[in-house]
Amino acid sequence: MSEPIKLAAFCGSLRQGSFNRMALHAFIERLPAGVTVSTIEIGDWPLYDADIQAKGFPDKVQAAQKTMLEADGVVLVSPEYNYGISGVLKNAIDWLSRMTPQPFAAKPTALFGASGGVLGTARAQYQLRQTLVFLDGRPVNKPEVMIGQAQNRFADGKLTDEATGKLLADLGAALLLAVRQSRAAAGVK
Ligand code: FNR
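Residues numbered from 1 in each chain as written. Predicted model: local features only at pLDDT ≥ 70, side-chain atom pairs only at ≥ 80, totals over all residues. Heavy atoms only, no water.

J.: An account of the nonpolar core is requested, with residue identities and associated values reported.
T.: If you look at the biggest cluster of nonpolar residues, it comprises 28 residues, and the most contacted ones within it are Phe-27, Val-75 and Phe-112. A per-element tally of this core places helix 6 (residues 162-185) first, with 6 residues. Discounting residues that sit within four places of it in the chain, Phe-27 has contacts with Val-75, Ala-110, Phe-112, Leu-168, Leu-171, Gly-172 and Leu-175. Ranked by size, the runner-up nonpolar core spans 25 residues in total, among them Ile-42, Val-61, Phe-104 and Leu-111. (Core = buried A, V, L, I, M, F, W, Y, C linked by side-chain atoms within 4.5 Å. Buried < 20%, exposed > 50% of the residue type's maximum accessible area, 1.4 Å probe, protein only. Helix = DSSP H or I, 4+ residues; strand = E, 2+ residues; numbered from the N terminus. Contact = heavy atoms within 4.5 Å.)

J.: Explain the pairing of strand 1 (residues 6-11) to me, using residue names and the numbers behind them.
T.: Regular strands place side chains that alternate from one sheet face to the opposite one. In terms of burial, strand 1 is a largely internal element, 5 of the 6 residues being buried. The pairing of strand 1 with strand 2 (residues 36-39) spans 4 bridges and is parallel. Along strand 2, the bridge assignment pairs Leu-7 with Val-37. Following the backbone out of strand 1, through helix 1 (residues 19-29) and into the adjacent parallel strand 2, one traces a crossover that is right-handed. With 5 bridges connecting them, strand 1 and strand 3 (residues 73-77) associate as parallel partners. Residue pairing across strands places Cys-11 opposite Val-77, the latter belonging to strand 3. (Pairing = 2+ DSSP bridges. Right-handed = clockwise from strand over helix to strand, strands pointing away.)

J.: Could you give an account of the packing of aromatic side chains, naming the residues involved and the relevant values?
T.: Under the definition given, this model contains 5 aromatic pairs. Pairing Tyr-48 with Trp-95 gives two aromatic rings, centres 4.8 Å apart and planes at 70°, and the pair type is edge-to-face. One end of the pair, Tyr-48, is in the loop between strand 2 and helix 2 (50-55); the other, Trp-95, is in helix 4 (residues 87-97), and 47 residues separate them in sequence. Look at Tyr-48 and you get partly exposed, because its relative accessible area is 31%. The exposure class of Trp-95 is buried, given its relative accessible area of 0%. Pairwise contacts between aromatic rings join Tyr-48, Phe-57 and Trp-95 into one cluster. Lying across the ring of Phe-19, Arg-15 places its NZ or CZ 5.4 Å from the centre. Positioned over the ring face of Tyr-83 is Arg-123, at 3.7 Å from the centre of the ring. (Phe/Tyr/Trp six-rings, centres within 6.5 Å; stacked < 30°, edge-to-face > 60°. Lys NZ or Arg CZ within 6 Å of the ring centre and 35° of its normal.)

J.: Which residues make up the pattern of salt bridges, and what values go with them?
T.: A side chain of one charge can pair with a side chain of the opposite charge if their charged atoms are brought near each other. In the structure shown here, the tally under the stated rule is 11 salt bridges. Note that Arg-30 and Glu-29 form a salt bridge whose closest N and O atoms lie 3.8 Å from each other. (Salt bridge = Lys/Arg side-chain N within 4 Å of Asp/Glu carboxyl O.)

If you want it as structure tokens, here you go:
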């Protein structure tokens, strides 16, 4: 029996009724039984400040690092704000990036997002992939899941668009494959 797979997830939108949060739920629902996901809430973290860091990382940042280090993979979901990822998610990444061990390093990572526009966060996702280079993350390349015109794909808090559901399921499968490959390379079952 192989070890159960654990994932750590972040959502870059804080609003109630967030399409990105609904998309994260739809992604989690489509994972196989036995995979557990800890969603790390980042809305009340302080803005990154090296002077705060010098006095000690905030408790929530330390707890998030621990959750990530115990996880086999990471899930990043963000809206697109002005062609970039949300400030909320960038702030969380900036905090975590200063920690030792740096918890994004070598972690298989799935990313996706939903927006009102037709490009479905494409520009923000490429910005996030660039950030993951510095973090030495292992972003899953495909499928890219860019959920455009989100207002037409969700209703009553749930994903209603089957094609998007299939893409999310495929991305979940690709992430789990990357986790298994990374475990095999490390000699872990
Ligand atoms: C947006 N929106 C947006 N959409 C897009 O496709 N590209 C963009 O660059 C932006 N920029 C942007 C900036 C700001 C400050 C806001 C508040 C919104 C629209 C955005 O896609 C839409 O509000 C989504 O519904 C946000 O995601 P959640 O909150 O539904 O998860």
